Amino acid sequence: MSSARTSLPRSVAMHAALIAYALVALFPVFVVIVNSFKERRAIFRSPLALPDGETFSLVGYQTVMQRGDFLLYFQNSLIVTVASLVLVVLFGAMAAFALSEYRFRGNMLMGLYLALGIMIPIRLGTVAILQVMVASGLVNTLVALILVYTASGLPLSIFILSEFMRTVSDDLKNAGRIDGLSEYTIFFRLVLPLVRPAMATVAVFTMIPIWNDLWFPLILAPAEATKTVTLGAQMFIGQFQTDWNAVLAALSLAIIPVLVLYLIFSRQLIRGITSGAVK
Amino acid sequence: MATDDSIAPKRPFRWHILVFLAPAVLVYTALMIFPLLSTLAQAFEGKEGGFVGFGNFATLFGDPRWADSFWNALRNNVWFFIIHMLVQNPIGIALAALLSSPKLRLRGLYRTVFFVPTILSFVIVGFVWKLILSPTWGVAEGLLDIVGLGDLFQPFLGKEETALTTLGLISVWQFIGIPMMLIYAALLSIPDEVIEAAECDGVTGFSQFWKIQLPLVLPAIGIVSILTFVGNFNAFDLVYAAQGAAAGPNYSTDLLGTLLYRTFFGYQLQLGDRSMGSAIAAVMFLIILAGVSIYLFLVQTRLRRYQF
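Residues numbered from 1 in each chain as written. Chains lettered and ligands numbered in written order. Predicted model: local features only at pLDDT ≥ 70, side-chain atom pairs only at ≥ 80, totals over all residues.

1. Some words on the overall build of chain A
- Of the regular secondary structure elements, chain A holds 13 helices and 0 strands.
- In chain A, the order of α-helices and β-strands from amino to carboxyl end is α-α-α-α-α-α-α-α-α-α-α-α-α.
- Here chain A has a C-alpha radius of gyration of 24 Å; the compact-globule value for 279 residues is 19 Å, and the former is much larger.
- Projected onto its principal axes, the C-alpha positions of chain A cover 75 × 65 × 35 Å.
- The long-range fraction of contacts in chain A, counting pairs at least 24 apart against all pairs at least 6 apart in sequence, stands at 76%. (Helix = DSSP H or I, 4+ residues; strand = E, 2+ residues; numbered from the N terminus. Rg over C-alpha atoms; globule rule 2.2 N^0.38 Å. Contact = placed C-beta atoms within 7 Å.)

Put into structure tokens, the structure is as follows:
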């Protein structure tokens, strides 16, 4: 753009507003992480100060490590999130391929049926989901969570992926057919590699709500062996409410891994949102 | 499956379509559609099973104890939604407009930072703010003191009058990244020629935003509104994390989600009630369905979509 004139005062004002909001966004995270490394008295005396040689202490983390099984919780969250992601992307891509590639009777209806779930939250079916899980003996297993998250992630995944699959060139697929490739080979070898960016978008979109969910872990898998980080942190904090060091350390342990993952993938996430959702 | 017949009668049955569709359709039907329908059906059953027609709904709206908590939760939920629409969306639009202005430096850094709260779980957000607003710790009080407003400090989450609004603002703080990003993306997709034409006509600065850009991103604002609506009328986690299942003080932060949870699973002396829980879920379903329909039929069809 040639005629964009940004005068100095205007640009200063813009940065001032942006920095002000950045402080609002980061302040709570900052306060918690900083104070988790301080001893109890320092937490209360000067909550905004950085820990120095005198006030530095890891006592909160020690309590968390002794009393809560956070490594196990992490492992559970990781298994649930990764398994659900793989299933959502794989099953979603397969269904999206069937819907966008082949013309068959009921194609439109099937597409609409699968899209219903985008707007209706799966939580409203909780009463019956619990009954299904009790009947099949899956209560307090990670499988229960994986299945539920897969079901709830599929509608959006199919919707986004079929939009992208329509853009894959027909000539390429037909060339494959003439060379005698099966439909499965065409899907796995030709189409999937081409829609990889769309699959990454779906994965990032699906990941955050699964990792952060409290409702289904609380209802379907509250046992000690199957707690996720979110539920584990919730219960731990409930028990240790007055032990401020432990609470702050548990919160930091729940924040830091997500924060690191986010900083690694933030470009992908933001590109996903800005490309897929609106246009 | 009836849908997999081929159109051309002589073509052999195309098994691969079935294979591609089956996993997704099975999981989705078994764990999403079936439970939803089953929950809706159980809303018409009594405690020991058996069809009771609209009996549960009559109890929910007729019995003063149930009706009071239901209307209280619904009223709170509506207020929760209004806070989001009035605070989250305008700030989100403003941030998106600032971010999309040309020649802004550090754009990527700001975007990354503004989205940080959105990736945190409700549990973290709930407790972090509970600690910050706690009078025992005094962080919020100290901050207000610095700007000379120390007298305004109250235990915001502990008082009936302020708890719900405070939670609403915390939720806004958490989710502002989503409207910001969606509207930012819509602003970026406005072609340069439109902006340049406006500048040739002397429409610049704030009036350019108001008259040119804002009307062009109305569809994105519509999507944000309906996402906010569905999210808010389904909210549970933040209240549960910050105030517990009882949604205190004195149920002043009770939302439909927490009411559903307490009804279905029981709380303290009250036993869990499957059929009343299903009835509440059914009412929530109708509310969300009504909102989505209004959006699809009234808003969506009237918004003009501009093709560039």
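2. What to know about the overall build of chain B
- Broken down by element type, chain B carries 14 helices and 0 strands.
- For 308 residues, the compact-globule estimate of 2.2 N^0.38 gives 19 Å, and the C-alpha radius of gyration of chain B, at 24 Å, exceeds that figure by more than 25%.
- Among the 308 residues that make up chain B, the fraction classed as buried is 39%.
- When contacts within chain B are restricted to residue pairs at least 6 apart in sequence, those whose partners lie at least 24 apart make up 67%. (Buried ≥ 20, exposed ≤ 12 C-beta atoms within 10 Å, placed from the backbone.)

3. Examining the interface of chain B and chain A
- At the junction of the two partners, chain B supplies 77 residues and chain A supplies 72 residues.
- With 17 residues, helix 1 (residues 15-42) of chain B is the single largest residue contributor to the side of chain B that touches chain A.
- Within the side of chain B that touches chain A, the residues separate by chemical class into 53 nonpolar, 14 polar and 10 charged. (Nonpolar A, V, L, I, M, F, W, Y, C, P; charged D, E, K, R; others polar.)

4. Quick word on the domain arrangement of chain B
- Domains assigned within chain B are domain 1 (2-42) and domain 2 (69-302).
- The centre of domain 1 of chain B, based on its C-alpha atoms, is set 36 Å off from the matching centre of domain 2 of chain B. (Domains from an automatic or database assignment.)

5. With respect to helix 9 (residues 183-194) of chain A
Residue and element names in this part refer to chain A.
- Compared with the 16 Å implied by 1.5 Å per residue over 12 residues, the 16 Å span of helix 9 between its first and last C-alpha is a close match.
- All of the buried residues along helix 9 are Glu183, Ile186, Phe187 and Val191. Along helix 9, the residues classed as buried sweep out an arc of 95° about the axis, all on the same side. The exposed set on the far side of helix 9, more than 90 degrees from its buried face, consists of Tyr184, Arg189 and Pro193. (Expected span 1.5 Å × (residues − 1). Arc of directions from axis to C-beta.)

6. Focus on the nonpolar core
- Counting residues in hydrophobic clusters, the biggest one holds 163 residues, and the most contacted among them are Ala95, Val148, Ala250 and Leu251 of chain A together with Ala24 and Ile183 of chain B.
- Looking at which element gives the most residues to this core, the answer is helix 4 (residues 70-101) of chain A, with 15 residues.
- In this structure, leucine 251 of chain A is in contact with Val32 and Ala233 of chain A together with Ile124, Phe127 and Val128 of chain B, ignoring residues within four places of it in sequence. (Core = buried A, V, L, I, M, F, W, Y, C linked by C-beta atoms within 7 Å.)

7. With respect to the environment of threonine 228 of chain A
Residue and element names in this part refer to chain A.
- Note that threonine 228 resides in the loop between helix 11 (215-220) and helix 12 (229-239).
- A residue is classified by how many C-beta atoms lie within 10 Å of it, and threonine 228, with 30 of them, is buried.
- Sequence separation of threonine 228 and asparagine 212 is 16 residues, and the distance between their C-alpha atoms is 9.2 Å.
- Those residues in contact with threonine 228, other than ones at most four positions away along the chain, are Tyr73, Asn76, Ser77, Val80 and Pro217.

8. Examining the domain arrangement of chain A
Residues and elements named next belong to chain A.
- For chain A, the assigned domains are domain 1 (8-57) and domain 2 (67-277).
- Just the C-alpha atoms count here: the centres of domain 1 and domain 2 sit 34 Å apart.
- On the side of domain 2, 7 residues touch domain 1, which itself brings 7 residues to the contact.
- Counting only elements with at least two residues in the side of domain 1 that touches domain 2, the list comes to helix 1 (8-36) and helix 2 (40-45).
- Per element, the largest residue contribution to the side of domain 1 that touches domain 2 is 5 residues, and it comes from helix 1.
- For the side of domain 1 that touches domain 2, the class distribution of residues is 4 nonpolar, 2 polar and 1 charged.

9. Looking at the confidence of the model for chain B
Residue and element names in this part refer to chain B.
- The predicted model of chain B has a mean per-residue pLDDT of 84, with 94% of residues at 70 or higher.
- Low pLDDT (under 50) marks residues 1-6, which in the prediction has 16 contacts with non-local residues, meaning those over four places away or in another chain.
- What the predictor reports for the complex is a pTM of 0.84 with an ipTM of 0.83. (pLDDT = per-residue confidence, 0-100.)

10. Describing unusual backbone geometry
- Non-glycine residue asparagine 140 of chain A carries a positive phi angle of around 60°.
- Mapped onto the elements, asparagine 140 of chain A comes out in the loop between helix 6 (126-135) and helix 7 (142-165).

11. Overview of the packing of helix 4 of chain A against helix 10 (residues 196-212) of chain A
Residues and elements named next belong to chain A.
- Interaxial distance between helix 4 and helix 10 falls to 9 Å at its minimum, and their mutual angle equals 140°. Of the possible angle classes, the one that applies to helix 4 and helix 10 is oblique. Relative to helix 10, the crossing made by helix 4 is right-handed. In contact with Ser77, Val80, Thr81, Ser84, Leu85, Val88, Val89, Gly92 and Ala93 of helix 4, helix 10 contributes Met199, Val202, Ala203, Thr206, Met207, Ile210 and Trp211.
- Residues that form the contact of helix 4 with helix 10 fall into these classes: 11 nonpolar, 5 polar and no charged. (Axes fitted to C-alpha atoms, helices over the stretch in contact; angles between N-to-C directions. Parallel < 35°, antiparallel > 145°, perpendicular 65-115°, else oblique. Left-handed = near helix turned anticlockwise from the far one by under 90°.)

12. Thoughts on the environment of isoleucine 122 of chain A
- As for its placement among the helices and strands, isoleucine 122 of chain A is situated in the loop between helix 5 (107-115) and helix 6.
- A count of 23 C-beta atoms within 10 Å places isoleucine 122 of chain A in the buried class.
- Dropping the residues within four chain positions of it, isoleucine 122 of chain A is found in contact with Val148, Ala151 and Ser152 of chain A together with Met32 of chain B.

13. A few points about the confidence of the model for chain A
- Summarising the model, chain A shows a mean pLDDT of 85, and 94% of its residues fall at 70 or more.
- The spread of mean pLDDT over the elements of chain A runs between helix 13 (residues 244-277) of chain A, the lowest at 75, and helix 4 of chain A, the highest at 92.

14. Some thoughts on the environment of valine 59 of chain A
Residues and elements named next belong to chain A.
- Inspection of the secondary structure puts valine 59 in helix 3 (residues 59-67).
- A sequence separation of 13 residues divides valine 59 from serine 46, and the C-alpha atoms of the two residues are 18 Å apart.
- Beyond its immediate chain neighbours, meaning those up to four positions away, valine 59 contacts Glu39 and Asn245.

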